[in-house]
Amino acid sequence: ETGVTQTPRHLVMGMTNKKSLKCEQHLGHNAMYWYKQSAKKPLELMFVYSLEERVENNSVPSRFSPECPNSSHLFLHLHTLQPEDSALYLCASSQQRTDTIYFGEGSWLTVV
Amino acid sequence: GDSVTQMEGPVTLSEEAFLTINCTYTATGYPSLFWYVQYPGEGLQLLLKATKADDKGSNKGFEATYRKETTSFHLEKGSVQVSDSAVYFCALSDRGGTGGFKTIFGAGTRLFVKA
């Protein structure tokens, strides 16, 4: 059983839809991440939350909106996405003062 | 800035062959080094890590040695199996701001093992 759980595992949405990806970690960590993995591209860090405060945003389009209500939960709200946003979205967590990142199994997103 | 470079794939091997996937890095500090593995349809899993020079990380028959003099962390396995088919990511973690760590991943190397 993974310590980082993502739902849904698969999502198909239209460009005008609003949907959310959910992540929950059961490891007692205090930092959580969203990564985007597209075909033939490097893993892309989208957002980092540490102690519930967003500390990094790598110029991600505003159609992606993260929310971290507490140290165990992380959401990625999706609005008016484009087909090129179709990818695997990976949630991860770590303990702030350690360096190993633990990943969830990912949410496969298809934008039609 | 810090960076990780790993060999391009795909790498195709026959079962029981010897595997090497090269990884080199640049870093301003003293990073920890990792190999993560991603099996088809899954997220990334930590395979092994090394936190200081000359350390050897090992797991599931895979090994990698932290070589500070050559800034390398090559992944090796003596005899691969079909079940090792996956994408392998080299990564480094170095201290960023606010006392936390920043992790940088390589582009990934896909391994196919034929029976």
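Here goes a summary of the coordinates provided. All figures in this text were calculated on a predicted structure; none of them were measured in a lab.

### Some words on the environment of B:Asp84
All names here are of chain B. Among the structural elements, Asp-84 can be located in the loop between strand 9 (75–77) and strand 10 (86–95). Measuring from C-alpha to C-alpha, the distance between Asp-84 and Gln-38 comes to 9.9 Å, with 46 residues separating the pair along the chain. Filtering out sequence-adjacent residues up to four positions away, Asp-84 remains in contact with Phe-62, Lys-77, Leu-111 and Val-113. Within polar-contact distance, the side chain of Asp-84 engages the backbone nitrogen of Gln-81 at 2.8 Å.

### Section: the state of the cysteines
For the coordinates displayed, the defined rule picks out two disulfides over all chains. In this model A:Cys23 forms its disulfide with A:Cys91; the gap between the sulfur atoms is 1.9 Å. The chirality of the disulfide connecting A:Cys23 with A:Cys91 is left-handed, given an S-S dihedral of about -75 degrees. Of the two residues, A:Cys23 sits in strand 3 (residues 18–25) while A:Cys91 sits in strand 9 (residues 87–94), which places them 68 residues apart along the sequence. One disulfide bridge connects B:Cys23 with B:Cys90, the sulfur atoms lying 1.9 Å from each other. Across the S-S bond linking B:Cys23 and B:Cys90, the dihedral sits near -70 degrees, which makes this disulfide left-handed. Note that B:Cys23 is positioned in strand 4 (residues 23–26) and B:Cys90 in strand 10, a separation of 67 residues in sequence. The exposure classification of B:Cys23 matches that of B:Cys90, with both residues buried.

### Description of the sheet that holds strand 7 (residues 56–59) of chain B
All names here are of chain B. On the basis of which strands lie adjacent, the open sheet formed by four strands has the order 3-9-8-7 and antiparallel pairing. Looking at the sheet topology across the chains shown, the edges are occupied by strand 3 (19–21) and strand 7. Pairwise comparison of adjacent strand axes, ignoring direction, gives a mean angle of 15 degrees for this sheet. The pairing of strand 8 (residues 62–65) with strand 9 spans three bridges and is classified as antiparallel. Its bridge partner being in strand 9, Glu-63 is matched across the sheet by Glu-76.

### Some words on the interface of chain A and chain B
Interface size is commonly expressed as the accessible surface area that is lost when the partners come together. Taken together, the contact pairs 17 residues of chain A with 19 residues of chain B. Overall, the association of chain A and chain B removes approximately 1500 Å² of surface from exposure, summing both partners, and the carbon and sulfur fraction of that is 51%. Considering only the side of chain A, the residues that lose the most area to chain B are A:Gln96, A:Asp99 and A:Phe103, jointly responsible for 32% of the buried surface there. In this structure, the connection of chain A to chain B is made through five residue pairs in polar contact (both at pLDDT 80 or more). Among the elements of the structure, strand 4 (31–37) and strand 9 of chain A are those that each provide at least two residues to the side of chain A that touches chain B. Classifying every residue of the side of chain A that touches chain B by side-chain character gives seven nonpolar, five polar and five charged.

### Quick word on the environment of B:Gln6
Residues and elements named next belong to chain B. Along the chain, Gln-6 turns up in strand 1 (residues 3–6). For the pair Gln-6 and Leu-111, spaced 105 residues apart in sequence, the C-alpha to C-alpha distance is 13 Å. Here Gln-6 is in contact with Ile-21, Asn-22, Cys-23, Trp-35, Tyr-88, Phe-89, Cys-90, Gly-106, Ala-107, Gly-108 and Thr-109, once residues within four sequence places are set aside. One polar contact links the side chain of Gln-6 to the main-chain amide nitrogen of Cys-90, over a distance of 3.0 Å. Among the polar contacts made by the side chain of Gln-6, one reaches the side chain of Thr-109 at a distance of 2.9 Å.

### Let's talk about the packing of aromatic side chains
On inspection of all chains with the given rule, the structure shows 10 aromatic pairs over all chains. Summarising the aromatic geometry, the rings of A:Phe103 and B:Phe105 are spaced 5.8 Å apart at their centres and angled 70 degrees between planes, so their arrangement reads as edge-to-face. Here A:Phe103, found in strand 10 (residues 102–103), pairs with B:Phe105, found in strand 11 (residues 101–105), and the two come from separate chains. The same class applies to A:Phe103 and to B:Phe105, which are both buried. Among the aromatic residues, those joined into a ring-pair cluster are A:Tyr33, A:Tyr35, A:Phe103, B:Phe34, B:Tyr36 and B:Phe105.

### Observations concerning the pairing of strand 12 (residues 109–114) of chain B
Residues and elements named next belong to chain B. Where burial is concerned, the two faces of strand 12 differ: the one with Thr-109, Leu-111 and Val-113 is buried and the one with Arg-110, Phe-112 and Lys-114 is not. One ladder, built from four bridges, connects strand 2 (residues 11–14) with strand 12; its direction is parallel. What sits directly across from Ser-14, in strand 12, is Lys-114.

Cut-offs used in this document
Residues numbered from 1 in each chain as written. Chains lettered and ligands numbered in written order. Predicted model: local features only at pLDDT ≥ 70, side-chain atom pairs only at ≥ 80, totals over all residues. Heavy atoms only, no water. Helix = DSSP H or I, 4+ residues; strand = E, 2+ residues; numbered from the N terminus. Contact = heavy atoms within 4.5 Å. Polar contact = N/O pair within 3.5 Å; in protein donor to acceptor, adjacent residues only side chain to side chain. Disulfide = S-S within 2.5 Å. Buried < 20%, exposed > 50% of the residue type's maximum accessible area, 1.4 Å probe, protein only. Pairing = 2+ DSSP bridges. Axes fitted to C-alpha atoms, helices over the stretch in contact; angles between N-to-C directions. Buried area = accessible area lost by both parts, 1.4 Å probe. Nonpolar A, V, L, I, M, F, W, Y, C, P; charged D, E, K, R; others polar. Phe/Tyr/Trp six-rings, centres within 6.5 Å; stacked < 30°, edge-to-face > 60°.

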